[in-house]
Amino acid sequence: MLRIVMFILGLVSATASTALGQEWARKMFETTNHDFGLVARGAKTEFRFKLTNLYVEDVHISGVRSSCGCTTPTVGIELLKTYEEGYVLATFNTRTNLGQKSATLTVTFDKPFPAEVQLQVSGFIRSDVELEPGGIQFGTLDAGAPTEKLLKITARTGREWQITEIRSTSEFVEAEAVETGRQVGQVTYDMKVRLLPGAPTGYLKERLTVVANDSKSSEIPIEVEGRVLSALTVSPASLFVGTVRPGSTHRKRVVVQARQKFCITGIDCDQDGFEFEVPEGSATVHKIPVVCRAGDKPGKIACKIRIQTDLGGATTAELPVHLVIVEPESVDDSAGE
């Protein structure tokens, strides 16, 4: 009897220990649940579960699996260093599934410690409204270049279905829908989507909402994606100096480039301890040596390096910088005895 009691106590203890052991991994995620809501058949429906490495140690995602074929998960970045951000992409398979669907995505970590985090997704895929293609992909384009894409909407609702409004989350994305066919139980629209000049540079992810006179659900979300190239790009996009000792010196290199020749007119940082060599002359690519001298106090440092150029409008690039200053490890004098 005593052995049985001890076994049960051990099992409870191990279960509690395992639950606590997962918490470090769960804390990295912004959220662990997402509801896609009501979406059209064929719609490109994705959600990024964002996570940030909050720790000094590297974090490695060894895999991810789904409990349901309605959702396909993929890992954006497998290895995350301190303060690096990553994501697990959940793709709702709206062409091969219909109706109410849900899935559990299990993310597995093997570094710095074994752990699993479960992410929950759900949504309802309509059978009576279909998109072709599933969303708007502008692709990669230069800043200021206008572009237009076409999307077809087919509604088989068995009633006088009509689009009444299109709303956009961005002032730089606009759309108009033109009815192209109507017969008993079915209506089709061609929707033109335009990206206007002035759209901000970087990754573009917006949403259009098609509003219809539909009592079942009057709103249909449509994802809009693209990448607007800046006149100036900096590599790496963020600079992690590392986990360093107080007073230590570290050297890095930053590459700045543009499609046309330009000069760098100045470099500064909002944190003491950084020195730069400003390249001379005009070129499409400039390599900038960066010297970082860590301060005397331990702690996390986050700052920005600003790079000024003579490109139109005196274009300036900002580079986020991170480092962690730690005390030297104590030396065990008896280790060699």
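Calculation rules
- Residues numbered from 1 in each chain as written.
- Predicted model: local features only at pLDDT ≥ 70, side-chain atom pairs only at ≥ 80, totals over all residues.
- Heavy atoms only, no water.
- Pairing = 2+ DSSP bridges.
- Helix = DSSP H or I, 4+ residues; strand = E, 2+ residues; numbered from the N terminus.
- Axes fitted to C-alpha atoms, helices over the stretch in contact; angles between N-to-C directions.
- Salt bridge = Lys/Arg side-chain N within 4 Å of Asp/Glu carboxyl O.
- Contact = heavy atoms within 4.5 Å.

Engineer: Teacher, can you tell me more about the sheet that holds strand 18 (residues 249-262) here?
Structural biologist: Paired through backbone hydrogen bonds, the strands of a sheet run either parallel or antiparallel to each other. Within the open sheet, the four strands sit side by side as 16-18-21-20. Their pairing is antiparallel. Taken across any chain shown, the strands that pair with only one partner, and hence form the sheet edges, are strand 16 (233-235) and strand 20 (274-276). For this sheet, the mean inter-axis angle between neighbouring strands, taken without regard to orientation, is 25°. Sheet topology note: the strand 18/strand 21 (residues 283-293) ladder contains ten bridges and is antiparallel. What sits directly across from Phe 262, in strand 21, is Ala 283.

Engineer: Teacher, can you tell me more about the pattern of salt bridges here?
Structural biologist: Opposite charge on two side chains allows them to pair when their charged atoms are near. Tallying each qualifying case throughout the model produces 22 salt bridges. Residues Glu 219 and Arg 167 are paired through a salt bridge, measuring 2.5 Å at the closest nitrogen-oxygen approach. On the criterion of sequence distance, the pair formed by Glu 219 in strand 15 (residues 219-229) and Arg 167 in strand 11 (residues 163-168) is long-range, its members being 52 residues apart. Between Arg 306 and Asp 268 there is a salt bridge, and its shortest N-O distance comes to 2.7 Å.

Engineer: Sorry, what's going on with the side chain of Asp 214 here?
Structural biologist: Along the chain, Asp 214 turns up in the loop between strand 14 (202-212) and strand 15. Not counting chain neighbours up to four residues away, the residues in contact with Asp 214 comprise Arg 126, Thr 157, Arg 159 and Trp 161.

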